[in-house]
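These are the residues of each chain, in order.
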Amino acid sequence: MMFSPCAIAIVSTSNRPLLIRTILDETDKEEATRLIYLMHASLDIVEEKVEQPTSRDNFLGILYQCERYKIYGLMSTTKVKILLMISQRHSFTSPRENDIRLMLKNIHKVYIDATAMNPFYKPNEPVKSRRLDSYLDTIFTGTSNGGGQTPITSSNQVVQTV
């Protein structure tokens, strides 16, 4: 794995968190709170980027960067935001933007499967899905990303990454 994801958030159109996951366990609540705060602060940058569209792509690029973390974003056509925080602590190279873009799009596809295909899901409510949880677990454990692995997609086809 060329980069290590440490937090993922899916945020509703009204900026309510639908899902927040961090790689940290219960013992490091202070750092987990810090990560969530940084993710929340990056929503302001999402709003700025949306007001000044530069392309038709849903990928928003880097939203926030500091010495330890980078936060990337994707906004769906329904204005749901997906944020991905990458740790830069043990990495000497930056992740390729195409790898991040692919990972965010795959998270979005699995999120769509968990919500649109579930007749009991209520819009703007927290997402509870075993498949989404399982997919996020594979991201955090390093078995699925742009680093040569094959992530799952919503149509159960495999997207080969380069």
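So, how was this worked out
- Residues numbered from 1 in each chain as written.
- Predicted model: local features only at pLDDT ≥ 70, side-chain atom pairs only at ≥ 80, totals over all residues.
- Heavy atoms only, no water.
- Pairing = 2+ DSSP bridges.
- Helix = DSSP H or I, 4+ residues; strand = E, 2+ residues; numbered from the N terminus.
- Axes fitted to C-alpha atoms, helices over the stretch in contact; angles between N-to-C directions.
- Salt bridge = Lys/Arg side-chain N within 4 Å of Asp/Glu carboxyl O.
- Buried < 20%, exposed > 50% of the residue type's maximum accessible area, 1.4 Å probe, protein only.
- Parallel < 35°, antiparallel > 145°, perpendicular 65-115°, else oblique.
- Left-handed = near helix turned anticlockwise from the far one by under 90°.
- Contact = heavy atoms within 4.5 Å.
- Nonpolar A, V, L, I, M, F, W, Y, C, P; charged D, E, K, R; others polar.
- Core = buried A, V, L, I, M, F, W, Y, C linked by side-chain atoms within 4.5 Å.
- Expected span 1.5 Å × (residues − 1).
- Arc of directions from axis to C-beta.
- Polar contact = N/O pair within 3.5 Å; in protein donor to acceptor, adjacent residues only side chain to side chain.

## Thoughts on the sheet that holds strand β5 (residues 81–87)
In step 1: Pairing is antiparallel across the open sheet formed by 5 strands, whose spatial order is β2-β1-β5-β4-β3. Across the chains shown, the open sheet's two edge strands, defined by having one partner strand only, are β2 (17–22) and β3 (59–65). Between one strand axis and the next, the sheet turns through 20 degrees on average, direction left out of account.
In step 2: Pairing of β3 with strand β4 (residues 69–75) involves 5 bridges; the strand directions are antiparallel. Residue pairing across strands places I62 opposite Y72, the latter belonging to β4.

## Details of the pattern of salt bridges
In step 1: Following the criterion strictly, the structure yields 7 salt bridges and no others.
In step 2: When the shortest N-O distance is used, the salt bridge between R21 and D133 registers 3.6 Å. Of this pair, R21 sits in strand β2 while D133 sits in helix α3 (residues 130–141), placing them 112 residues apart in sequence.
In step 3: Classification of R21 by relative accessible area gives buried; the value is 19%.
In step 4: On the accessibility criterion, D133 (31% relative accessible area) is partly exposed.
In step 5: For D113, the salt bridge goes to R131, with nearest N and O atoms at 2.8 Å. Here the residue D113 occupies a position in helix α2 (residues 97–116), and R131 occupies one in helix α3, the gap between them amounting to 18 residues.
In step 6: Since its relative accessible area comes to 31%, R131 is described here as partly exposed.

## What to know about the packing of α2 against α3
In step 1: Running from N to C, α2 and α3 point in directions that differ by 160 degrees, and their axes come no closer than 9 Å. Judged on the interaxial angle alone, α3 and α2 are roughly antiparallel. By crossing handedness, the relation of α2 to α3 is classed as right-handed. For the pair formed by α2 and α3, the contact residues are M103, N106, I107, V110, Y111, D113 and A114 on the first element and R131, L132, Y135, L136 and I139 on the second.
In step 2: Of the residues belonging to the contact of α2 with α3, the class tally is 9 nonpolar, 1 polar and 2 charged.

## Observations regarding the nonpolar core
In step 1: Counting residues in each nonpolar core, the largest one holds 26 residues, and the members touching the most others are I10, I100, L104, I107 and L132.
In step 2: Sorting the residues of this core by element identifies β1 (4–11), β2, β4, β5, α2 and α3 as the ones contributing at least two each.
In step 3: If you tally residues by element for this core, the top one is α2, at 7 residues.
In step 4: Setting aside anything within four residues of it in sequence, one finds L132 in contact with I10, L19, I107, V110, Y111, A114 and V127.
In step 5: In terms of nonpolar packing, the next biggest core, distinct from the first, is built from 17 residues, C6, L38, Y69 and L83 among them.

## A word on α3
In step 1: With 12 residues, α3 extends 16 Å between its outermost C-alpha atoms, agreeing within 8% with the 16 Å of an ideal straight helix rising 1.5 Å per residue.
In step 2: Turning to α3, its buried residues are L132, Y135, L136, I139 and F140. Around the axis of α3, the buried residues are gathered within 140 degrees of arc, so they sit on the same side. Residues of α3 that are exposed and point over 90 degrees away from its buried face: R130 and T141.
In step 3: Next to the buried residues of α3 lie β1, β2 and α2.
In step 4: Of the residues flanking the start of α3, the one acting as N-cap is S129, its side-chain oxygen 3.3 Å from the backbone nitrogen of R131.
In step 5: The first or second residue beyond α3 is G142, which carries a positive phi of 90 degrees.

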